[in-house]
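Next come the chains, spelled out residue by residue.
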Amino acid sequence: MRLPPVAPIVRAKLGSAPANGHTTFLPQIRKLVVEYCDRWPSSDNTRTFLLNHIEDVARQNPHVEVVVRQRSHKEPIIRGFYVNQRDKVVPLNGLEVTQIQKKIELLLDSSGAKIKPLKKTVESTTEAARGIWSGLHAERPTL
């Protein structure tokens, strides 16, 4: 009995799918949209940022699609779209150019996950060893 020919195993086929871990990092943001108005004074600093700095941001982050969109008669915003199908919107009105840069870095470094509270209320299932204190049961102080 003759076996069919076996295709050679190529090393690239044995690799795993990329995932965040020890040797690989996949950024969670996929698209960054900057929306501004061409006339409103609240968009002045946003327009300055777009003219001077947006190309540098796009070059430093080639994995992110950077879109600049004009929104007439609206406040400037920046919108980040993430791999987990969520988006985050940050208003830019009243921010300086350096603050806009920080907001963009915030969106670039964010995971897109919902913000969860870190503190949880603690409720005991048992009473305290000494019982519950009440001011009605305490002895009155003597003067």
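All of the points below concern the structure found in this document.

How each quantity is defined
Residues numbered from 1 in each chain as written. Predicted model: local features only at pLDDT ≥ 70, side-chain atom pairs only at ≥ 80, totals over all residues. Heavy atoms only, no water. Helix = DSSP H or I, 4+ residues; strand = E, 2+ residues; numbered from the N terminus. Buried < 20%, exposed > 50% of the residue type's maximum accessible area, 1.4 Å probe, protein only. Contact = heavy atoms within 4.5 Å. Areas by Shrake-Rupley, 256 points an atom, 1.4 Å probe, with all protein chains shown as cover. Phe/Tyr/Trp six-rings, centres within 6.5 Å; stacked < 30°, edge-to-face > 60°. Lys NZ or Arg CZ within 6 Å of the ring centre and 35° of its normal.

Things to note about the overall build of the protein
Link 1 in the chain: Looking only at helices and strands, one finds 3 helices and 4 strands in the protein.
Link 2 in the chain: Split into buried and exposed, the 143 residues of the protein put 22% on the buried side.
Link 3 in the chain: In the protein, of all internal contacts separated by at least 6 residues, the share reaching a separation of at least 24 is 68%.
Link 4 in the chain: Carbon together with sulfur atoms contributes 55% to the accessible area of the protein, which is approximately 12100 Å² in total.

Some remarks on the packing of aromatic side chains
Link 1 in the chain: All told, the structure shown has 0 aromatic pairs when counted by the stated rule.
Link 2 in the chain: Cation over ring: Lys31 sits above Phe81, and NZ or CZ is 5.8 Å from the ring centre.

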